[in-house]
Number of protein chains: 2
Amino acid sequence: MDPGSIDSIVAERLRLVDQRYTSGRRRLVALLEDAARPETIPELLERAPGLRQSSAYRNLHVLEQVGVVHRIVTSGEHARFELAEDLVGHHHHLICTGCGRVDDFTVPAPLERSLEAALVKAVTGTGFASTSHRLDVIGTCEACQR
Amino acid sequence: MDPGSIDSIVAERLRLVDQRYTSGRRRLVALLEDAARPETIPELLERAPGLRQSSAYRNLHVLEQVGVVHRIVTSGEHARFELAEDLVGHHHHLICTGCGRVDDFTVPAPLERSLEAALVKAVTGTGFASTSHRLDVIGTCEACQR
DNA sequence: CTCAGTGCAAAGGATTTGCATGCCG
DNA sequence: CGGCATGCAAATCCTTTGCACTGAG
């Protein structure tokens, strides 16, 4: 997805709830766009001198509310943030149990389709209304294997 | 799996690290065994008058260390605890975005197998060593749909 | 007896919030 | 101008920990 369109989608979603697409929020979205993987707030702050912690929390929360940002909680450490799937595409995560690092990956489309179909079937009759799924691989990243 | 064997497995695992299978720990395991779904510490405490919060946290941590209990963190709220998969079998979760409730469910074995195979293949070459996977369905539980 | 386990209360750490001020629309 | 956004610091909330005491082996 091209960068410009992400910005306009974000702007539009914010406008719908009478929120402004301020420079601080633009900066956060840009940081997440550049990130190769979901990042914690301390990581984001380090890459963005001048960003205030409380504003980061507040704005990421707003962006999450409008469906632009997704929060991932893997363990006791900091939460991690990434752009929502409708902006960057459906994908999954490799979660390192050693250091908490989270990387993105995708599975072949055919499997993804049969998975989705099977899940819908498995949930039928439970009264649960499914909106999406989450598939993570748990393991150890290269650095933590040594 | 029959109740007695869970107890003996837990006892054995604790013994290996010179820990005792005390009444408090037995109580926690029994509570998790009875639970229909992963529960938070407040939920467990409510069902177990006399259980101390700090002991619950401490003992669940010990039980997690020895691989008997699994901790699930779905959002900012309380963590949820369940018996580990090698005691109760591989399964997945329905996560309600409305109230945070988590229910168990399983998918057909054939799909589970092709999924596992595909994941191994997808991860090959990334340097990541996978040990397991996690598949959750996100949506809204019956109560939260109204 | 000895040492792990437990209770209680206080500490810790991530995240949130109140309030006064700044700034966009 | 009016109201959302921001900074700062204090407050919250879940979870962990120190310490003294109890209990199992």
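Quick note: structure is the one above.
Just so you know, these numbers come straight off a predicted model, no measurement behind them.

### Here's the deal with the relation of the copies chain B and chain A
Now for step 1: Each copy superposes on the other: chain B lies on chain A with an RMSD of 0.2 Å after a rotation of 179 degrees and an axial shift of 0.1 Å. In short, the pair behaves as if placed about a two-fold rotation axis. Among all C-alpha atoms of chain B, that of Leu135(B) lies closest to the rotation axis, at 2.2 Å.

### So, the protein's contact with DNA strand D
Now for step 1: DNA strand D sits among 18 residues. The nearest are Arg25(A), Arg52(A), Ser55(A), Tyr57(B) and Ala79(B).
Now for step 2: When the atoms of DNA strand D within 4 Å of the protein are grouped by moiety, sugar and phosphate amount to 62% of the total.
Now for step 3: Here Arg20(A) contributes a side-chain N or O atom positioned 3.1 Å from a base oxygen of DNA strand D.
Now for step 4: Ser54(A) is positioned such that a nitrogen or oxygen atom in its side chain is 3.4 Å from a base nitrogen of DNA strand D.
Now for step 5: For the surface near DNA strand D, the secondary structure elements donating two or more residues are helix H2 (23–34) and helix H4 (53–65) of chain A together with helix H4 (53–65) of chain B.

### Details of the pairing of strand S4 (residues 92–96) of chain B
All names here are of chain B.
Now for step 1: Counting buried positions over the five residues of S4 gives five, a clear majority of the element.
Now for step 2: Looking at chain direction, S4 and strand S5 (residues 102–105) are connected through four bridges and run antiparallel. Bridging across to S5, Ile95 finds its partner in Val102.
Now for step 3: Joining the antiparallel neighbours S4 and S5 is a turn of five residues, in which Gly100 adopts a positive phi near 85 degrees.

### Concerning the interface of chain B and chain A
Now for step 1: Each side of the interface is counted separately: chain B has 34 residues, and chain A has 33 residues.
Now for step 2: Buried surface at the junction of chain B and chain A, summed over both partners, amounts to about 2,900 Å²; 67% is from carbon and sulfur atoms.
Now for step 3: Between Arg134(A) and Asp136(B) there is a salt bridge, with its nearest N and O atoms 2.9 Å apart.
Now for step 4: For the pair chain B and chain A, the interface holds 10 residue pairs in polar contact (both at pLDDT 80 or more).
Now for step 5: Mapped by element, the contributors of at least two residues to the side of chain B that touches chain A are S4, helix H6 (109–123) and strand S6 (129–140) of chain B.

### Description of the sheet that holds strand S4 (residues 92–96) of chain A
Now for step 1: What the six strands build is an open sheet, ordered S5(A)-S4(A)-S6(A)-S6(B)-S4(B)-S5(B); its pairing is mixed. Strand pairing shows two members of the sheet lacking a second neighbour, strand S5 (102–105) of chain A together with S5 of chain B, which therefore form its edges. Within the sheet, the average angular offset between the axes of one strand and its neighbour, ignoring direction, is 30 degrees.

### Some thoughts on the environment of Glu77(B)
All names here are of chain B.
Now for step 1: Mapping Glu77 onto the fold places it in the loop between strand S2 (69–72) and strand S3 (80–83).
Now for step 2: Taking relative accessible area as the criterion, Glu77 reaches 31% and is therefore assigned partly exposed.
Now for step 3: Taking C-alpha positions, Glu77 is 8.1 Å from Gly100, a pair spaced 23 residues apart along the chain.
Now for step 4: Within the structure, the side chain of Glu77 is placed 3.3 Å from the side chain of Thr74, a separation counted as a polar contact.

### Here we look at the pattern of salt bridges
Now for step 1: By the definition in use, this model includes 20 salt bridges over all chains.
Now for step 2: Its salt-bridge partner being Arg80(A), residue Glu77(A) comes within 4.0 Å of it at the nearest N-O pair.
Now for step 3: We note a salt bridge from Asp103(B) to Arg101(B), for which the minimum N-O separation is 2.7 Å.
Now for step 4: Judged by its relative accessible area of 32%, Arg101(B) is partly exposed.
Now for step 5: Beyond isolated ion pairs, a larger network of salt bridges with shared partners links Arg37(A), Arg101(A) and Asp103(A).

### Digging into H4(A)
Residues and elements named next belong to chain A.
Now for step 1: The end-to-end C-alpha separation of H4 is 18 Å, in line with the 18 Å expected for 13 residues at 1.5 Å each.
Now for step 2: Within H4 the residues assigned to the buried category are Ala56, Asn59, Leu60, Val62 and Leu63. The buried residues of H4 occupy an angular sector of 160 degrees when the element is viewed end-on, so they sit on one face. Pointing more than 90 degrees away from the buried face of H4 are the exposed residues Arg58 and Gln65.
Now for step 3: Two residues or fewer after H4 comes Gly67, characterised by a positive phi angle close to 80 degrees.

Conventions adopted
- Residues numbered from 1 in each chain as written.
- Chains lettered and ligands numbered in written order.
- Predicted model: local features only at pLDDT ≥ 70, side-chain atom pairs only at ≥ 80, totals over all residues.
- Heavy atoms only, no water.
- Least-squares fit on C-alpha atoms with pLDDT ≥ 70 in both.
- Near = heavy atom within 4 Å.
- Polar contact = N/O pair within 3.5 Å; in protein donor to acceptor, adjacent residues only side chain to side chain.
- Helix = DSSP H or I, 4+ residues; strand = E, 2+ residues; numbered from the N terminus.
- Buried < 20%, exposed > 50% of the residue type's maximum accessible area, 1.4 Å probe, protein only.
- Pairing = 2+ DSSP bridges.
- Contact = heavy atoms within 4.5 Å.
- Buried area = accessible area lost by both parts, 1.4 Å probe.
- Salt bridge = Lys/Arg side-chain N within 4 Å of Asp/Glu carboxyl O.
- Axes fitted to C-alpha atoms, helices over the stretch in contact; angles between N-to-C directions.
- Expected span 1.5 Å × (residues − 1).
- Arc of directions from axis to C-beta.

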